[in-house]
Each structure stands twice: as structure tokens, then as C-alpha cells.
Amino acid sequence: MSHEIAVIPGDGIGQEVTPAAVAVLEALDMDFAFVDAEAGDSVREETGEALPEETYELAASADATLFGAAGETAADVILPLREAVDSFVNVRPARAYPGVDALRPETDLVFLRENTEGVYAGHEDRLTDDVATLTRLVTDSASRRLAEYACGFVADRGADGFTVVHKANVMRETDGLFREAVTNVAAQRGVETDEVLMDAFATRVCLDPGQFDVVVCPNLAGDVLSDLAAGLVGGLGLLPSANVGPERALFEPVHGTAPDIAGRGVANPSAAILSGAMLVEYLGYDEAAAAIRSAVEAVLEGGPRTPDLGGDAGTADVREAVIDRLE
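Right, let's walk through the structure included here. (Residues numbered from 1 in each chain as written. Predicted model: local features only at pLDDT ≥ 70, side-chain atom pairs only at ≥ 80, totals over all residues. Heavy atoms only, no water.)

Time to look at the packing of aromatic side chains. The full count for this structure, using the stated rule, is seven aromatic pairs. On the basis of an interplanar angle of 80° and a centroid distance of 6.0 Å, the ring pair of Phe 88 and Tyr 149 is categorised as edge-to-face. One end of the pair, Phe 88, is in the loop between helix H4 (74-84) and strand E4 (89-95); the other, Tyr 149, is in helix H5 (residues 140-157), with 61 residues separating them in the sequence. The class for Phe 88 is buried, based on a relative accessible area of 9%. A residue is classified by how much of its surface remains accessible, and Tyr 149, at 25% relative accessible area, is partly exposed. By way of ring pairs, the aromatic residues Phe 32, Phe 34 and Tyr 285 are connected into one cluster. (Phe/Tyr/Trp six-rings, centres within 6.5 Å; stacked < 30°, edge-to-face > 60°. Helix = DSSP H or I, 4+ residues; strand = E, 2+ residues; numbered from the N terminus. Buried < 20%, exposed > 50% of the residue type's maximum accessible area, 1.4 Å probe, protein only.)

Put into C-alpha cells, the structure is as follows:
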């Protein structure tokens, strides 16, 4: 069965790491049809819009989308692209790899973040020169949908349950609703849960990340806390992510455009390649996904390494090393 995969490199190092990830997927010799599209700062400069309609429609129709990075136009690109695939959950693993200098090498957890609501819903107003407001949106339906996904996720992972991170002691109505909906679904499904306030979690995950496995969060908390966890494993350059909807999904490395190294050919493509592994797994090819992850891990441990990991290799060197290990 052929799968159409939209490829949107975006800006900065997205133009370098995304083709590297595509090259690895092509090395699998599977029936994938890659369709290129444009979005980001440079596209806005040329056309006046950061996300052309044809790019949005491609993401909305393709079986999966691989995205690179966006700069100043990130909010105008990635949020609509997530909307295009109807993404209701962001899946972001944070894992320490052999050979990488990690602050907490025992770290191996996954954040499941609500992806449509909270303060990212876009309900902001500038009322006067002195007053701006932001409306936080939380619904029972979106929270329950996230919880249903989380229950299936931990079953597939072989985990006993998940941790619900919230701030319901202060945001009693919004996080209170989120907490109630998620824990109720878990109880109905027979899945164990524990709860941690998000500020306490920030401390506890730094001191002992091994106590956590799967973490379920509202939108903003999941964004901030997963970035914090990235600092425990060696940085954002190693983290992939998935934005999953009911029928399609979008995959992207967590890092940004890295303008300081863009165009130099030294960007670490590991996160983009690992995002490709998540894409392949999403499409049902578990063995191929495992092979990509094993190849990336072997390269991270034995080299070649890009400058961010203390080496002097380029993006192409790492790409070819991963492909060699696949073969």
C-alpha cells in the first residue's frame, strides 16, 4: 500500500535536517510517495503568506507530514498545520541516549500534551494600552479524547498507567475540569493514574526523572515541561515529536531553525530522523521504525557526531552513517 508523505522543510536548519530524514526513509525502500511543499519565513517574504493554501491542503490530505522548522512565522505555520491534521495530542518522548552527555542519563519518559486548547487556543485581546487579556479554553470533550489516547498509549507501551500533571489547586475550573475528565476516563478504562502539580513536577523530574514514565498534561504545561526534560537528556536537538489526529499526523523535531548554524551543513539531523521513525511507526511499520531508532542510537554512541555533541561531523556524515547502519 502506497503512503503519501508531505515534506515541509520550512526555515533554517529545517532545510538541512528534513532532507536527511527523507533520505533515511527512502533507504527503507518502502512504498512511500514524498511530496514537497513550502512554508515559513522565506515563503512569506516571497508570497506574503507563511503557509500557502496548497501546503495546508497537502497536509490535510496526506497520510502523514514531515515538518522541519519555522522561524518568526512559527505560530502562523505550525499551529495551522496541526489543525490541518486535526491533531488533538502532541507526543513528545524525552530519552537519554548512550554516548550522549546527558544531565540525567536515566531519563526515559513521554509527554502526551493536549494540542488544541488552553492558552494556545488564540483567544487574546488588547483592550487598552494598559490591558491585554487571554482566555484559557478547556473542554471536557478534548480532555477525554486525550485521556482515551493516553490509555491506549500506555497499554501499547506495557506501562501500568500515567501521571496527570496539572495546576488544579489554582486554576480550579479549567485544570479542575481537565483533571476530572482525564482521571475519570482512566478509571473507566482500568488504567492507574497518579497526580502531580506542575510546579512540583518541574522539581521532581530534575531530581529523579526515573520516577516518571508517561506524563499527561494540558497544552502549555506539556510544552514547557517537555522542554525542561530536554535539558536532562542533552538538549532539544535530540527530541522528536508527533502531532496525532484521528486519521493523519504531523511529525517534527522539537528544535527550532537554529539560525546561527543554518546553511553550514553541521546541524544534527537526529531529531528529524527520529521524527521519521515515529512517522513510520504511525503508519504501522513497527520493525522499520525500530531499525531507524537502532541505527540512530548506534551513531549517537559511536559517531560520527555533529558539533553540538562534541564532534566535527556534518549533517550529511550523520545521515550516511545512519543509512549505513540500516543497510
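Next, the rest of the story.
A cluster of acidic residues, Asp 36, Glu 38, Glu 45, Glu 46, Glu 49, Glu 53, Glu 54 and Glu 57, forms a negative patch on the protein surface. Looking at which element gives the most residues to the negative patch, the answer is helix H3 (residues 53-61), with three residues. (Patch = residues over 30% accessible without salt bridge, like charges linked within 9 Å, V, L, I, M, F, W, Y side chains within 5 Å. Areas by Shrake-Rupley, 256 points an atom, 1.4 Å probe, with all protein chains shown as cover. Salt bridge = Lys/Arg side-chain N within 4 Å of Asp/Glu carboxyl O. Lys, Arg positive; Asp, Glu negative; His and termini not counted. Charge placed at Lys NZ, Arg CZ, Asp CG, Glu CD.)

Val 91, Leu 112, Phe 162, Phe 201 and Ile 292 are the most contacted members of the largest nonpolar core, which totals 82 residues. Setting aside chain neighbours within four positions, we find Phe 162 in contact with Ala 150, Cys 151, Val 154, Val 182, Ala 186, Val 191, Glu 192, Thr 193, Asp 194, Val 214 and Val 216. One finds Ile 8, Ala 59, Ile 78 and Ala 84 within the second-largest nonpolar core, a separate group that totals 17 residues. (Core = buried A, V, L, I, M, F, W, Y, C linked by side-chain atoms within 4.5 Å. Contact = heavy atoms within 4.5 Å.)

Right, let's get into helix H6 (residues 174-189). In a regular helix each residue adds 1.5 Å, so 16 residues correspond to 22 Å; H6 covers 23 Å between its end C-alpha atoms and thus fits that length. Turning to H6, its buried residues are Thr 174, Asp 175, Gly 176, Phe 178, Ala 181, Val 182, Thr 183, Val 185 and Ala 186. Residues of H6 that are buried sit in contact with H5, strand E8 (161-166), strand E9 (192-197) and strand E10 (214-217). One or two steps after H6, the chain reaches Gly 190, where phi turns positive at roughly 75°. (Expected span 1.5 Å × (residues − 1).)

With that settled, consider the pairing of E4. In terms of residue burial, E4 counts as a mostly covered element, since five of its seven residues are buried. Where E4 meets strand E5 (residues 108-114), seven bridges bridge the pair, whose relative direction is antiparallel. Bridge pairing in E5 places Val 91 opposite Leu 112. Sheet topology note: the E4/strand E11 (residues 242-244) ladder contains three bridges and is antiparallel. Counted as the bridge partner of Val 91 is Ala 242 from E11. (Pairing = 2+ DSSP bridges.)

Attention now moves to the layout of surface pockets. In this model, the largest pocket occupies a volume close to 760 Å³. For the largest pocket, the lining is made up of 21 residues, of which Phe 153, Arg 157, Met 278, Glu 281 and Arg 293 are closest to its centre. Looking at the lining of the largest pocket, the elements that each hand over two or more residues are E4, E5, H5, E11, helix H9 (270-282) and helix H10 (286-302). Here the residues of the lining of the largest pocket sort into 13 nonpolar, one polar and seven charged. (1 Å grid on protein atoms, 1.4 Å probe; cavity = no way out; pocket = protein on both sides within 12 Å on 5 of 7 lines; lining within 4 Å. Points joined across faces, edges and corners; volume = space filled by probe spheres on them. Nonpolar A, V, L, I, M, F, W, Y, C, P; charged D, E, K, R; others polar.)

Residue placement: Thr 315 occurs in helix H11 (residues 315-326). When neighbours within four sequence positions are excluded, Thr 315 is seen to be in contact with Glu 16, Ala 20, Gly 265, Val 266, Ala 267, Pro 269 and Thr 306.

Pairing is mixed across the open sheet formed by 10 strands, whose spatial order is E2-E1-E3-E12-E11-E4-E5-E10-E8-E9. The sheet is open, and its two borders are formed by strand E2 (32-36) and E9, each paired with just one other strand. Taken over all neighbouring pairs, the strand axes of this sheet differ in orientation by 25° on average, direction set aside. With five bridges joining them, strand E1 (residues 3-10) and strand E3 (residues 64-69) adopt parallel strand pairing. Bridge pairing in E3 places Val 7 opposite Leu 66. Most of the contacts of helix H1 (residues 14-27) go to E3, to which it runs at about 145°, and overall it touches E1, E2 and E3. In the packing of H4 onto the sheet, contacts are made with E1, E3, E4, E5, E11 and strand E12 (249-251), and the angle to E3 comes to roughly 170°. (Axes fitted to C-alpha atoms, helices over the stretch in contact; angles between N-to-C directions.)

Below, the discussion takes up a nonpolar patch on the surface. On the surface, Tyr 120, Leu 220 and Val 224 cluster together into a nonpolar patch covering about 240 Å² of accessible area. With respect to the helices and strands, the residue Tyr 120 is situated in the loop between E5 and strand E6 (124-126).

The next thing to look at is H1. Its 14 residues give H1 an end-to-end C-alpha distance of 20 Å, which sits within 8% of 20 Å, the value for a rise of 1.5 Å per residue. A large share of H1 lies buried, amounting to 10 of its 14 residues. Turning to H1, its buried residues number three or more, namely Gly 14, Glu 16, Val 17, Thr 18, Ala 20, Ala 21, Val 22, Ala 23, Val 24 and Leu 25. Looking at the buried side of H1, the elements it contacts are E1, E2, E3, H9, H10 and H11. Count one or two residues on from H1 and you reach Asp 29, which has phi positive near 55°.

Before going further, it helps to examine the side chain of His 166. With respect to the helices, strands and loops of the structure, His 166 is situated in strand E8. Residues contacting His 166, with those up to four places away along its chain left out, are Asp 175, Arg 179, Glu 195, Val 196, Leu 197 and Met 198.

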